[in-house]
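Single-letter residue listing:
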Amino acid sequence: MCGIVGYVGRREAAALVLEALKRLEYRGYDSAGLAVNSGGRLLVEKTAGKISALETRLDGRLPKGHVALAHTRWATHGVPNEINAHPHTDCGGTIAVVHNGIIENWAPLRAALVKRGHKFRSETDTEVLAHLIEEAYGPAVPLETAVAWALKRVEGTYGISVLSTREPEKIVAARHGSPLLVGLGDGEYFIASDASAVLQHTRSVVYLDDDEIAVLSPDGYRVTDLETGRIEKPVSRVDWDLSSVEKGGFRHFMLKEIMEQPESIRNALRGRLLEDEGNAKLGGLNLTDEELLSFNRVVLTACGTSWHSALIGEYMLEELARIPTEVEYASEFRYRNPIVDEHTLVIGISQSGETADTLSALREAKRRGARTIGIVNVVGSTIAREVDGGIYIHAGPEIGVASTKAFSCQVVALGLLTLHLGRLRSLSVLQGREVVRALNRLPEQALDVLARASEVEKLVSVFEGTSNALYLGRGYNFPVALEGALKLKEISYIHAEGYPAAEMKHGPIALIDDSMPVVFIAPRDAVYQKIVSNIQEVKARRGRVIAVVTEGDDQIAGLADHLITIPETIDPFTPVLSVIPLQLLAYYIAVHRGKNVDQPRNLAKSVTVE
Ligand code: F6R
């Protein structure tokens, strides 16, 4: 989704913000722009397409100046063209605004501004901000006061940064629902929507909260509320390595992140397993055992891939911890009239920790008295900061738009939570130890699966010329079927459906013929014999079967056209291993088709608009 970078200091700002902006390319965008405060003038350059197109247009002639803003736009209001790209300026071209989020009341605001004589150039919601600020920016009014005045008139979500020629050494930034942080350097300050943009320059950051304004100049920064009352903010340290946001010799971030899974799973487990007690230690939950026992229901809420891991969590929590659990799409939950109270534990799962729907669902749950916890990857993200407690999955930065290592680590985190709740409720120490042993083996087993990547790559030929595929699984591997299908469609643009294998008979079976690849996820688990029957049903209709099975499986070997094997583990953790070949399969097919694997069309890494 949109990205913001800003700089005030002593260095040449344009080159710096453009380089930093490239670190946000992974978020997905369709146009880019730059504004530099240059010798009393505001120089703005914008283009449709990638940052490289903007650089080509500038042809090495970067505007000079020590204060700049840059932006990548993911279109919401108005097509992705040069005019709609940010920054947007006021009538006089002396104020520049970049904005992430959506101004919901832009239409009446725009109509009123036009009536008062403002001239609009773009179709965007953002441009109203530039004109509103212009209205309030009288001779004796500082920029931050004019920004606050404007923001009190808008509804919706924003992370904004603003420049003005009248105060050329200043950036004013503000947030409501769209993440922003201030990076602290020595005599220089940064504003960014994502820490990876500033990592090269500083690891000290201040995360802005909703309705806060930051004022940056080379002499320092301050954070205030919308009434300009000063707020003291803690400085956080970003621990990520710069190498973790670079490709490190891999052709794509997605492949790197798939390959990192043994290490990321190890990190998700580190220090959390109590082998003797057969239990898990989860320091960040902020819930006592008594409180955990007081819940009579769990609601898991998330979007996309994280929703798939939530489904696995539901199966685990009901089977091993014997606690009634439901899974809700966050976008549905937030607008229903959900039944939650103080006895409900609501768990939001989010890689980015910024997904607008998941954040709002958690806020709604909190409002209704539920306790909320987050299973989150990005440390310091909004969800991580707003929930009552949580579990960081420690997958490390996930740059590829298609989520991979976050999924496996989410399942591991849900496994740890299930183990802990299970030991409080229903699991014996011996059962707990079995779960601990299985978790401990996962990093090595994931490595084993990855060692077979070249076998998966050969399956690309099965998908040659196909425009449809079916993914089928049962039990814990039904959500893996959904995830495998999602991976394929989002990066290769092949239409793929995930289904519970038995449900296939109630419709999708009509699609099966000898040109239809059908991927079965069928490890030897509690529903193994059932899925063998489903494979037979597909073979009877001459479907082309690719099966992900447990090592040593002779029965499915005799039925399937192609086999991928995974090591044996206990049923709840089979998804951690079975998803890996499906991630690789999607990756190799997309590469073979020449698609932009890391930045698939139309998609954004963190969906900060609803
Ligand atoms: C798919 C994918 C998306 C995200 C979804 C939620 O590969 O990445 O479906 O899973 O947008 O994002 P988070 O987990 O950041 O809340």
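Before reading on, note that the structure itself is shown above.
For the structure given in this document, a descriptive report is provided here. (Residues numbered from 1 in each chain as written. Predicted model: local features only at pLDDT ≥ 70, side-chain atom pairs only at ≥ 80, totals over all residues. Heavy atoms only, no water.)

## Structural notes on the overall build of the protein chain
Within the protein chain, the regular secondary structure consists of 19 helices and 27 strands. Computed over C-alpha atoms, the radius of gyration of the protein chain comes to 25 Å, within 12% of the 25 Å expected from 2.2 N^0.38 for 610 residues, which places it in the range of a compact globule. The proportion of buried residues among the 610 residues of the protein chain is 61%. The contacts in the protein chain between residues at least 6 apart in sequence include a share of 72% that link residues at least 24 apart. Each charge class in the protein chain can be summarised by its mean position, and for the 66 positive and 78 negative side chains these summaries are 3 Å apart. (Helix = DSSP H or I, 4+ residues; strand = E, 2+ residues; numbered from the N terminus. Rg over C-alpha atoms; globule rule 2.2 N^0.38 Å. Buried < 20%, exposed > 50% of the residue type's maximum accessible area, 1.4 Å probe, protein only. Contact = heavy atoms within 4.5 Å. Lys, Arg positive; Asp, Glu negative; His and termini not counted. Charge placed at Lys NZ, Arg CZ, Asp CG, Glu CD.)

## Let's talk about the packing of aromatic side chains
What characterises a pair of aromatic rings is the spacing of the ring centres plus the angle enclosed by the ring planes. For the structure on display, the rule yields five aromatic pairs. Plain terms: the ring middles of Tyr587 and Tyr588 are 5.4 Å apart, the flat faces sit at 65° to each other, and that makes the pair edge-to-face. Stacked on the ring of Tyr528, the Lys or Arg Arg524 has its end atom at 4.9 Å from the ring centre. Lying across the ring of Tyr493, Arg601 places its NZ or CZ 3.8 Å from the centre. (Phe/Tyr/Trp six-rings, centres within 6.5 Å; stacked < 30°, edge-to-face > 60°. Lys NZ or Arg CZ within 6 Å of the ring centre and 35° of its normal.)

## Concerning the environment of Pro572
Relative to the elements of secondary structure, Pro572 occurs in the loop between strand 27 (562–566) and helix 19 (574–592). Remark: the alpha-carbon pair of Pro572 and Tyr587, spanning 15 residues in sequence, is separated by 25 Å. Non-local contacts of Pro572, meaning those with residues more than four positions away in its chain, are made with Ile312, Met316, Leu320, Val411 and Tyr476.

## Things to note about the site of the ligand
Residues in contact with the ligand amount to 14 residues; listed here are only the nearest, Ser306, Ser350, Gln351, Thr355 and Glu490. Lys487 places a side-chain nitrogen or oxygen 3.0 Å from an oxygen atom of the ligand. Considered on its own, the ligand offers 400 Å² of accessible surface; in the complex 90% of this is hidden by protein. Most atoms of the ligand, that is more than half of them, are within 2 Å of grid points of the largest pocket. Listing elements by their share of the shell around the ligand, those giving two or more residues are helix 9 (304–320) and helix 16 (478–492). Per-class residue counts for the shell around the ligand are four nonpolar, eight polar and two charged. Counting the residues that make up the shell around the ligand, at least three belong to each of domain 2 (247–450) and domain 3 (453–592). (Near = heavy atom within 4 Å. Polar contact = N/O pair within 3.5 Å; in protein donor to acceptor, adjacent residues only side chain to side chain. Areas by Shrake-Rupley, 256 points an atom, 1.4 Å probe, with all protein chains shown as cover. 1 Å grid on protein atoms, 1.4 Å probe; cavity = no way out; pocket = protein on both sides within 12 Å on 5 of 7 lines; lining within 4 Å. Sits in = over half its atoms within 2 Å of the grid points. Nonpolar A, V, L, I, M, F, W, Y, C, P; charged D, E, K, R; others polar. Domains from an automatic or database assignment.)

## Overview of the layout of surface pockets
Over the atoms, a rolled probe matching the size of one water molecule traces out where space is still vacant. Of the voids in this model, the largest pocket is the one considered here, and its volume is about 580 Å³. Surrounding the largest pocket, 30 residues form its lining, Cys303, Gly304, Thr305, Ala604 and Val607 being those nearest its centre. For the lining of the largest pocket, the elements supplying multiple residues, two or more each, are helix 9, strand 20 (344–350), helix 11 (356–367) and helix 16. The element that contributes the greatest number of residues to the lining of the largest pocket is helix 9, accounting for five residues. Split into classes, the residues belonging to the lining of the largest pocket amount to 12 nonpolar, 12 polar and six charged. For the lining of the largest pocket, the two domains that each supply at least three residues are domain 2 (247–450) and domain 3 (453–592). Looking at the second largest pocket, its volume works out to about 420 Å³. (Points joined across faces, edges and corners; volume = space filled by probe spheres on them.)

Geometry only, nothing functional implied.
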